[in-house]
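A closer look at the structure
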Amino acid sequence: MFALMQSAQLESLHLSVDPVTGLKAVIAIHNTRLGPALGGCRYLAYPNDESAVNDAIRLAQDMSYKAALAGLTVGGGQAVVVRAAHVDSRAALFEAFGRCVEQLDGRYITAIDSGTSTADMDCIAQHTQHVTSTTAAGDPSPHTAMGVFAGIRSTASSRLGSDNLEGLRVAVQGLGKVGYALAEQLHAAGAELLVCDTDPGKVRLAMDQLGAHPIACEALLSTPCDILAPCGLGGVLNWHSVAQLRCSAVAGCANNQLTNLQVADQLERRGILYAPDYVINSGGLIYMALTHEGAAPEAINEQLLRISQRLTGIYAHAQAEKRSPARVSDELAQQLLYPKE
C-alpha cells in the first residue's frame, strides 16, 4: 500500500467503514500544495477492494494535474464509495460519508462523480460544508461538456486544419450526462454523430433527437471517423484498442483513458492526436472550484474557454518536440506541483 502511494506521490489515503449503513469508502488526497484537495465521489461496484483503492489514487492524481494546469487554487483528491448489492438507505449511506469528509477538516472537498447525484451531495452537506455539486451549487456535467466541446474544436484545428466541425464524423463512446450533453453540442455544430452506449434507450434518444448513427459498442473503436470521443469509464485506450483505431484524433470527457503512458506514445506513432483527458475535461472541476469560491458565472465561463487555448499550447509544444501531448501535459503539471527550489 505504501509503495502504491509513493509511486503516485500521494499525500494520504483514508479508509472508512460504517457498520450501521454499510459504508465502505476510500478518500485519496494526492496533493494540497495549491489548496485543499477537490475531487468527485464515485459510487460504483468494484471487483475487489484493491480496485477501488487504485481507482481513487489514479483519479486523485489526475485531479491534481487538472487543477494545476487550469490555474485553480485547489489540489487533487478523489473519493470512492463502494456500491454494495443492497443498501437499506442510500441517504443514510451518504450522510455517513459526509461525516467522514468532515473529519478531514477541510483538507478534502467532495463533489459529484460517476454514480452519484446532487441529491447525494445534499445528504453529505447535512454533515459537512466541504462539499459542492449540491442542488444549490448545481450539476457540473454541462460545464464539463462545454469544455470538452471547446477542446474538440481546438483539436480539430490542430489535427485537421479547421475548428469547423460541420460534416466531421465524431464517434461518441458513452451517452451519460456529459456524453449526451457533448453530443447535443456536436450536433448543433453540424457534426455527424456515431454513438454507442450500454443503455439502448440512450442510443435511441440520440438517434431520434440528434440524428445519430448507432454503432455496436464492440465495433465503435474500429469504425472510421475523424474524432473519437471516449465519454464512459476509463481504460479504453490500451495496446489492443489503439491498434484498431481509425480516427485522426482522440478527444473525450472520460477520465483515465490511457492504461499507461506507453499507449500515448503508440498513438503518437500512429499519427493520432491525443487530447490529454485531464486537460480537455477540466470544465467540471473549474465549475466546482469556482462555484465553491463564490465566483460569478462570467468568470467561470471565461475559465472554460481557456481550455481550448491550453490544449492548443500543449499541441504546439508536443509537435515541436515530437512527443505525445500526454507526456507534455504531465511534465507541465509536475512543474507546477513540484517546483524545484
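Residues numbered from 1 in each chain as written. Predicted model: local features only at pLDDT ≥ 70, side-chain atom pairs only at ≥ 80, totals over all residues. Heavy atoms only, no water.

**Observations concerning the sheet that holds strand β6 (residues 169-173)**
Note the following rule: Two strands pair under a simple rule: DSSP has to find at least two bridges between them. Only runs of H or I of at least four residues qualify as helices and only runs of E of at least two qualify as strands under DSSP, and these elements are numbered from the N terminus.
An order of β8-β7-β6-β9-β10-β11 is seen for the six strands of this open sheet, with the pairing classed as parallel. Of all the strands in the sheet, the pair left with one neighbour each is β8 (213-214) and β11 (273-274). Sheet analysis places strand β7 (residues 192-196) next to β8, joined by two bridges and oriented parallel. Paired with Leu 194 across the two strands is His 213, which belongs to β8.

**A look at the UniProt feature "binding site: NAD(+)" (unreviewed entry) in the chain**
The test is simple: UniProt positions are given in the numbering used here, feature names are shortened, and annotations may be inferred rather than shown by experiment. With a 1 Å grid laid over protein atoms only, a set of points is called a cavity when a 1.4 Å probe fits there but cannot get out and a pocket when it is open yet has protein on both sides within 12 Å along at least five of seven lines; lining residues have an atom within 4 Å of a point. Relative accessible area decides the class of each residue, using a 1.4 Å probe on protein chains only: under 20% of the type maximum gives buried, over 50% gives exposed, and in between gives partly exposed. Note on contacts: a residue pair is in contact if any heavy atoms of the two residues lie within 4.5 Å.
UniProt annotation of "binding site: NAD(+)" (unreviewed entry) refers to Gly 174, Leu 175, Gly 176, Lys 177, Val 178 and Gly 179 when read in the numbering used here. Lining the largest pocket, from the residues just named, are Gly 174, Leu 175, Gly 176, Lys 177, Val 178 and Gly 179. Note on placement: Leu 175 falls in the loop between β6 and α6 (177-188). With relative accessibility at 2%, the residue Leu 175 sits in the buried group. Filtering out sequence-adjacent residues up to four positions away, Leu 175 remains in contact with Tyr 180, Ala 183, Val 195, Cys 196, Asp 197, Lys 202, Val 203 and Ala 206. Structurally, the position occupied by Gly 179 is in helix α6. Judged by its relative accessible area of 0%, Gly 179 falls in the buried class.

**What to know about the side chain of Thr 132**
With respect to the secondary-structure elements, Thr 132 resides in the loop between α4 (118-124) and α5 (141-160). With residues near it in sequence (within four places) discarded, Thr 132 still touches Leu 38, Ile 109, Thr 110, Ala 111, Ile 112, Met 121, Ala 137, Met 288 and His 292.

**What about unusual backbone geometry?**
In most cases, non-glycine residues show a negative phi, while peptide bonds are predominantly trans. Of note in the backbone geometry, Gln 9 takes a positive phi value of approximately 60° without being a glycine. Here Gln 9 falls in the partly exposed class, since its relative accessible area comes to 39%. Here Ser 133, not a glycine, exhibits a phi torsion of approximately 65°, which is positive. In this structure Ser 133 comes out as buried when scored by relative accessible area, which is 1%.

**Comments concerning the sheet that holds strand β3 (residues 37-44)**
Condition: In this analysis, axes come from line fits to C-alpha atoms, helices being fitted only over the stretch in contact, and the angle between any two N-to-C directions falls in the range 0 to 180 degrees.
The mixed open sheet is built from five strands, whose spatial order is β1-β2-β4-β3-β5. Both edges of this open sheet fall to β1 (12-18) and β5 (108-111), since each of them pairs with a single strand only. In this sheet, neighbouring strand axes are inclined to one another by 20° on average, regardless of whether the strands run parallel or antiparallel. The sheet contact formed by β3 and β5 spans four bridges and is parallel. Considered in β5, the bridge of Ala 37 is made with Tyr 108. Those strands touched by helix α2 (residues 49-69) are β1, β2 (23-31), β3 and β4 (75-82), and its axis lies near 155° from that of β4.

**A closer look at the nonpolar core**
Note the threshold: The definition of a nonpolar core used throughout is a set of buried Ala, Val, Leu, Ile, Met, Phe, Trp, Tyr and Cys residues joined through side-chain atoms within 4.5 Å. For the purposes of this description, domain bounds are those given by an automatic or database domain assignment.
Counting residues in each nonpolar core, the largest one holds 61 residues, and the members touching the most others are Leu 72, Ile 152, Leu 182 and Leu 186. No other element matches the seven residues that helix α13 (residues 297-321) contributes to this core. Two domains each donate at least three residues to this core, and these are domain 1 (1-63 + 74-137) and domain 2 (141-282 + 309-335). If near-sequence neighbours (up to four positions away) are discounted, Leu 182 is found in contact with Ala 145, Val 148, Phe 149, Ile 152, Ala 229 and Cys 231. Grouped together as the second largest cluster of nonpolar side chains are 22 residues, Ala 37, Cys 41, Tyr 108 and Val 131 included.

**Observations concerning helix α12 (residues 283-293)**
With eight of eleven residues buried, α12 is to be regarded as a mostly interior element. Every buried residue of α12 is listed here: Gly 283, Gly 284, Leu 285, Ile 286, Tyr 287, Met 288, Ala 289 and Leu 290. Immediately downstream of α12, the backbone of Gly 294 shows phi near 85°, a positive value.

**Focus: the layout of surface pockets**
Formally: Grid points are joined across faces, edges and corners, and a volume is the space filled by probe spheres set on the points. Residues are sorted three ways: Asp, Glu, Lys and Arg are charged, Ala, Val, Leu, Ile, Met, Phe, Trp, Tyr, Cys and Pro are nonpolar, and all the rest, Gly among them, are polar.
The space that makes up the largest pocket amounts to roughly 950 Å³. Lining the largest pocket are 38 residues, and of these Asp 113, Ser 114, Val 178, Cys 231 and Gly 232 sit closest to its centre. Each of domain 1 (1-63 + 74-137) and domain 2 (141-282 + 309-335) contributes no fewer than three residues to the lining of the largest pocket. Considering only enclosed or pocket space, the second largest pocket measures out at about 350 Å³ in volume. Considering the residues around the second largest pocket, the lining is formed by 18 residues, among which Arg 58, Gln 61, Asp 62, Leu 261 and Asp 330 are closest to the centre. The class makeup of the residues in the lining of the second largest pocket is seven nonpolar, seven polar and four charged.

**Observations regarding the packing of α12 against α13**
Selection rule: With respect to orientation, any angle under 35 degrees is reported as roughly parallel, any angle over 145 as roughly antiparallel, any angle of 65 to 115 as roughly perpendicular, and every other angle as oblique. Whether a crossing is left-handed or right-handed is set by the direction in which the near helix is turned from the far one by less than a right angle, anticlockwise for left-handed and clockwise for right-handed.
Interhelical geometry of α12 versus α13 gives an angle of 155° and a closest axis separation of 10 Å. It follows that α12 is roughly antiparallel to α13 by the angle criterion. Between α12 and α13 the crossing geometry is right-handed. Here Gly 283, Ile 286, Tyr 287, Leu 290 and Thr 291 of α12 come into contact with α13, specifically with Ala 299, Ile 300, Gln 303, Leu 304 and Ile 307. Of the residues assigned to the contact of α12 with α13, the class counts are seven nonpolar, three polar and no charged.

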